[in-house]
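Single-letter residue listing:
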Number of protein chains: 2
Amino acid sequence: MTTIRDVAKKAGVSVATVSRFLNGSGYVSADAAKAVTSAVDELKYELNPVARSLNTKQSNLIGLILPDITNPFFPELARAVEDVALTYGYTVVLCNSDENPEKEKNYLNTLKKKYIAGFIVTSNQLDAPHYANMALPIVALDRAINDKIPTVSSNNREGAAMGTNALLERGCKNILFLRGPNELNPANERYQGFMDAIEASGAKYHVVTCPFHFSESQKITDEFLKAHKEIDGIFASSDVSAAGALKAAVTLGIKVPEQLQIVGFDGIAMGEMLSPGLSTVAQDVYKMGAIATRVLIKRIENQPVDQHFYEVPVQLKLRGTTKGVAE
Amino acid sequence: MTTIRDVAKKAGVSVATVSRFLNGSGYVSADAAKAVTSAVDELKYELNPVARSLNTKQSNLIGLILPDITNPFFPELARAVEDVALTYGYTVVLCNSDENPEKEKNYLNTLKKKYIAGFIVTSNQLDAPHYANMALPIVALDRAINDKIPTVSSNNREGAAMGTNALLERGCKNILFLRGPNELNPANERYQGFMDAIEASGAKYHVVTCPFHFSESQKITDEFLKAHKEIDGIFASSDVSAAGALKAAVTLGIKVPEQLQIVGFDGIAMGEMLSPGLSTVAQDVYKMGAIATRVLIKRIENQPVDQHFYEVPVQLKLRGTTKGVAE
DNA sequence: TGTCGGTGTGTAACCGGTTACACAAAATAT
DNA sequence: ATATTTTGTGTAACCGGTTACACACCGACA
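Just so it is clear, the structure is predicted and the values come from calculations on it, not from any experiment. (Residues numbered from 1 in each chain as written. Chains lettered and ligands numbered in written order. Predicted model: local features only at pLDDT ≥ 70, side-chain atom pairs only at ≥ 80, totals over all residues. Heavy atoms only, no water.)

### Some words on the overall build of chain A
What counts here: Helix numbering and strand numbering both begin at the N terminus, where a helix is a DSSP run of H or I of at least 4 residues and a strand a DSSP run of E of at least 2. Throughout, the radius of gyration refers to the C-alpha atoms, and the reference size of a globule is 2.2 Å times the residue count to the power 0.38. Any two residues whose heavy atoms approach within 4.5 Å at even a single point are treated as in contact.
Helices and strands together make up the secondary structure of chain A, namely 13 helices and twelve strands. Whereas a compact globule of 327 residues would reach a radius of gyration of roughly 20 Å, chain A reaches 26 Å, over 25% beyond that. For chain A, the C-alpha atoms occupy an extent of roughly 85 × 40 × 30 Å along the three principal directions. Put simply, of all contacts in chain A between residues at least 6 apart along the chain, 70% involve residues at least 24 apart.

If you want it as structure tokens, here you go:
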């Protein structure tokens with residue numbers, strides 16, 4: 001392995017000069033620069049990032065902490081983070097936290113020792129002390145707004161209102177809202193959005209809390225639909241729940257969208273694979289991940305960050321579970 | 001930050017002794033051990049992994065190279081890798097390669113400089129020179145068997161035969177096989193398995209090549225079904241393709257499973273969300289990832305690896321797209 | 001009693017970079 | 001012409017560990 005000393009010798013300068021040239025720090029004459037440049041590529045020198053990390057106490061690692069990559073919402077996010085990180089020369093460490101504070105803390109500590117540059121975090125624990133005391137740049141994604149930590153999220157409330165209105169405009173008179181878990185910020189915002197729209201309309205509605213889990217959602221919807229035949233629209237706080245609702249309806253022989261219209265929230269790829277295709281309020285997950293990563297890198301590199309809170313607009317995608325679109 | 005020298009001073013021994021004790025290498029007396037132990041926890045000393053890496057030329061990083069985490073097959077794999085890695089004290093770096101050799105090579109080099117401990121790779125490029133010349137432990141997943149590199153994969157051929165027989169046993173007389181891309185090893189094995197079963201049966205069949213992509217599969221199936229009304233069974237080489245086929249059938253008004261039965265391959269979570277639920281040859285993706293990671297870590301830690309090739313059994317999951325099961 | 005092998009420990013070099021500091025030459029100011 | 005900056009460079013310490021090597025001590029064995 002060629003070291004900086006080899007390069008220095010070959011170029012006839014000191015290691016300090018080589019280092020300064022390589023980092024663009026301090027003064028380096030044109031002659032020295034040329035000598036170093038040619039020594040570097042003659043020797044095919046590549047800087048050792050570990051040695052560098054040891055004294056700069058910095059690395060180009062970014063930690064991505066999320067509940068579970070298996071949840072269909074996250075792969076696209078991870079992909080965006082990785083893509084953007086790559087273009088800036090950063091490497092992504094994947095951390096599945098299961099929303100477990102101990103696991104999160106553990107990752108935080110382990111990676112801090114590796115001089116990780118920063119974290120992108122999707123968690124409900126963001127107000128926990130281990131985040132507050134972190135001296136590292138962090139950007140929060142999707143959940144939990146903390147005045148210390150820049151956050152990127154969707155326009156959940158407005159999106160939920162859009163989704164609800166889509167049902168109302170298509171004639172729904174009695175809507176079931178599958179509300180997400182209370183602990184989740186986005187779920188609460190979506191609930192707000194639903195309430196905004198439904199109360200403005202005066203339509204009848206029911207709210208049922210329901211985890212973002214397929215079979216649970218299916219079961220809950222199944223029971224509810226059996227007891228409430230009058231329901232003609234369902235707005236679910238997540239696509240996975242909507243898929244459960246759709247399956248329940250189809251299984252009960254209810255015609256979608258003729259008798260019952262359904263709108264989900266998220267815009268995950270699975271939506272279009274269902275029959276009929278799932279109408280949904282689609283988040284631009286990739287964009288969220290990309291923005292979060294860019295903001296994080298700016299923070300890491302001490303560049304000014306213009307905003308503290310980024311809201312990415314959602315988009316209504318109407319497919320077969322609502323009236324007026326084939327498929 | 002407390003360093004090993006602080007510990008040495010506190011314990012009244014030399015840094016060498018502390019290091020030896022911490023690593024369990026060389027001789028350390030009981031007295032010294034005790035002194036170091038208490039110094040360590042009085043000072044809350046934590047070893048600096050970067051400094052260690054610099055001279056051992058080893059880290060506890062594992063690289064996970066896969067085509068695209070967005071592909072529903074991979075999140076569970078990534079999850080398994082991460083889970084197992086964590087229990088052994090390793091950290092996972094996520095690399096989306098898009099099957100692009102340049103990107104792969106780039107990751108390999110970048111991470112090698114970081115003294116990464118090893119790689120788990122899903123790629124078709126495994127015979128490319130940049131893998132052959134790697135001096136690092138590698139384990140291949142799902143694809144490409146190379147006599148140098150231990151491989152973990154599913155029992156694709158047998159699985160495909162199982163899937164095909166499931167259709168035959170349920171009365172299919174005219175089966176469409178959606179074959180996966182030629183470049184993919186598993187796709188070829190599945191093709192073999194299909195051929196094994198179909199030729200033994202004497203039933204009529206068609207083979208159409210089709211990417212593992214939803215809308216493409218839907219389109220191809222749609223066209224094929226329009227031209228071949230006699231088809232009464234489809235076996236797809238992936239669940240995503242099967243989902244496309246199902247959607248095509250439903251859209252054409254063909255009743256599944258009454259007129260047309262469908263079986264997919266993979267066992268991704270989406271399968272049960274479809275209506276009817278997708279019958280499939282399920283791979284134990286989590287297990288594959290877990291095995292691969294354990295094998296890799298054994299290699300990293302120079303423990304003997306008993307096998308060179310691991311085949312994880314698949315399991316037939318019958319749901320609503322085949323006859324005889326409700327849902 | 002002398003020698004040998006196992007046990008236990010410390011010193012200092014080393015991993016491969018960065019950078020504080022000292023110093024010199026050139027450019028500019030007074 | 002001298003003082004002051006600015007430019008340019010090298011030496012050596014440092015980041016925080018690991019480990020080769022030298023050395024000392026001990027019991028055992030001939």
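### Here we look at the protein's contact with DNA strand C
Filter applied, for reference: We define proximity as follows: a residue is near a molecule or strand when any one of its heavy atoms falls within 4 Å of that partner. For this analysis, a polar contact is any N or O atom pair within 3.5 Å, provided that within protein one partner can donate a hydrogen and the other can accept it, and provided that sequence-adjacent residues contribute only side-chain to side-chain pairs. Ten residue types, Ala, Val, Leu, Ile, Met, Phe, Trp, Tyr, Cys and Pro, are classed as nonpolar, four, Asp, Glu, Lys and Arg, as charged, and the remainder, Gly among them, as polar.
As a structural note, the neighbourhood of DNA strand C is formed by 30 residues, with Ile4, Arg5, Ser19 and Asn55 of chain A together with Asn55 of chain B the closest of them. Within 4 Å of the protein, the atoms of DNA strand C are drawn from sugar and phosphate moieties in a proportion of 58%. Within the backbone of Ile4 of chain A, an N or O atom sits 2.6 Å from a phosphate oxygen of DNA strand C. Thr17 of chain B places a side-chain nitrogen or oxygen 2.9 Å from a phosphate oxygen of DNA strand C. The class makeup of the residues in the surface near DNA strand C is 14 nonpolar, eleven polar and five charged.

### What to know about the state of the cysteines
All names here are of chain A. Stated precisely, the cut-off is as follows: Any two cysteine sulfur atoms lying within 2.5 Å of each other are counted as a disulfide. Working definition: with a 1.4 Å probe on protein chains only, accessible area under 20% of the residue-type maximum means buried, over 50% means exposed, and in between means partly exposed.
All told, the structure shown has zero disulfides over all chains when counted by the stated rule. Cys172 provides the cysteine sulfur closest to Cys210, a residue in no disulfide bond, and the two sulfurs are 18 Å apart. The exposure class assigned to Cys210 is buried, which follows from its relative accessible area of 1%.

### Quick word on the protein's contact with DNA strand D
Ser29 and Asn55 of chain A together with Arg5, Ser19 and Asn55 of chain B are the nearest of the 30 residues found near DNA strand D. Looking at DNA strand D alone, sugar and phosphate atoms form 57% of those within 4 Å of the protein. Within the backbone of Ile4 of chain B, an N or O atom sits 2.6 Å from a phosphate oxygen of DNA strand D. Contributing elements (two or more residues each) for the surface near DNA strand D: helix H2 (15-23) and helix H4 (49-56) of chain A together with helix H1 (4-11), helix H2 (15-23) and helix H4 (49-56) of chain B.

### Side note on the sheet that holds strand S10 (residues 279-282) of chain B
All names here are of chain B. Put simply, the test is: Whether two strands pair depends on DSSP finding at least two bridges between them. Every angle, taken between N-to-C directions, lies between 0 and 180 degrees, and every axis is a line fitted to C-alpha atoms, over only the stretch in contact when it is a helix.
The sheet built from six strands is open, its strands ordered S7-S6-S8-S9-S10-S12 with mixed pairing. In this open sheet, the two edge strands, each paired with only one partner strand, are strand S7 (204-209) and strand S12 (315-317). Going from strand to strand, the sheet's axes swing by 15 degrees on average, the running direction of each strand aside. The pairing of strand S6 (residues 174-179) with S7 spans six bridges and is parallel. Paired with Arg179 across the bridge in S7 is Thr209.

### Focus on the relation of the copies chain A and chain B
Here is the rule: Superposing the copies works by least squares over the C-alpha atoms of residues that have pLDDT at least 70 in both of them.
It takes a turn of 180 degrees to lay chain A on chain B, together with a shift of 0.0 Å along the axis; the resulting RMSD is 0.1 Å. Accordingly, the operation relating the two chain copies is best matched by a two-fold axis. When each C-alpha of chain A is compared by its distance to the rotation axis, Val93 of chain A comes out closest, at 2.2 Å.

### Observations concerning the nonpolar core
The line we're drawing: Here, nonpolar core means buried Ala, Val, Leu, Ile, Met, Phe, Trp, Tyr and Cys residues that are tied together by side-chain atoms lying within 4.5 Å of each other.
The biggest cluster of nonpolar side chains holds 56 residues, and the ones touching the most others in it are Leu64, Ile69 and Val152 of chain A together with Leu64, Ile69 and Val152 of chain B. Look past the residues within four positions of Ile69 of chain B in its chain and what remains in contact with it is Ile69, Pro75, Ala78 and Arg79 of chain A together with Phe74, Pro75, Ala78, Leu94 and Asn96 of chain B. Core analysis: the second largest hydrophobic core is formed by 48 residues, Phe214, Ile231 and Met270 of chain A together with Val208 of chain B among them.

### So, the packing of H1 of chain B against H2 of chain B
All names here are of chain B. Note the cut-off: Any angle between 65 and 115 degrees counts as roughly perpendicular, while under 35 counts as roughly parallel, over 145 as roughly antiparallel, and the rest as oblique.
Between H1 and H2, whose axes approach to 8 Å, the crossing angle comes to 105 degrees. Taken together, the axes of H1 and H2 lie roughly perpendicular to each other. Residues Ile4, Arg5, Val7 and Ala8 of H1 pack against Val15, Val18 and Ser19 of H2. Broken down by class, the residue content of the contact of H1 with H2 amounts to five nonpolar, one polar and one charged.

### Observations concerning the sheet that holds strand S6 (residues 174-179) of chain A
All names here are of chain A. Taken together, six strands build an open sheet; the order of strands is S7-S6-S8-S9-S10-S12 and the sheet is mixed. The open sheet terminates on both sides in strands that have one partner only, identified here as strand S7 (204-209) and strand S12 (315-317). The sheet shows a mean angle of 15 degrees between the axes of neighbouring strands, direction not considered. Relative to S12, strand S10 (residues 279-282) runs antiparallel, the two being bridged by three bridges.

### Examining the interface of chain A and chain B
It is common to give the size of an interface as the accessible area lost on bringing the parts into contact. Inclusion rule: Two parts placed together each lose some accessible area under a 1.4 Å probe, and the buried area is that loss summed for both. A pair is scored as a salt bridge if a Lys or Arg side-chain nitrogen falls within 4 Å of a carboxyl oxygen belonging to Asp or Glu.
Every contact between the two is made by 51 residues of chain A and, on the other side, 51 residues of chain B. Summed over both sides, the interface between chain A and chain B buries roughly 4,300 Å², with carbon and sulfur atoms accounting for 62% of that surface. On the chain A side of the interface with chain B, the three residues burying the most area are Arg79, Lys247 and Met273 of chain A, jointly 16% of the side's total. Across the chain A-chain B interface, the total number found is six salt bridges. Applying the counting criterion to the chain A and chain B interface returns 20 residue pairs in polar contact (both at pLDDT 80 or more).

### Focus on the pairing of strand S5 (residues 151-154) of chain B
Residues and elements named next belong to chain B. Of the two faces of S5, the one carrying Thr151 and Ser153 and the one carrying Val152 and Ser154 are both buried. Strand direction decides the pairing type here: strand S4 (residues 138-141) and S5, joined by two bridges, are parallel. Counted as the bridge partner of Ala140 is Thr151 from S5. When S5 meets strand S11 (residues 309-312), the two strands line up parallel, connected through four bridges. When the sheet's bridge partners are listed, Val152 is paired in S11 with Tyr310.

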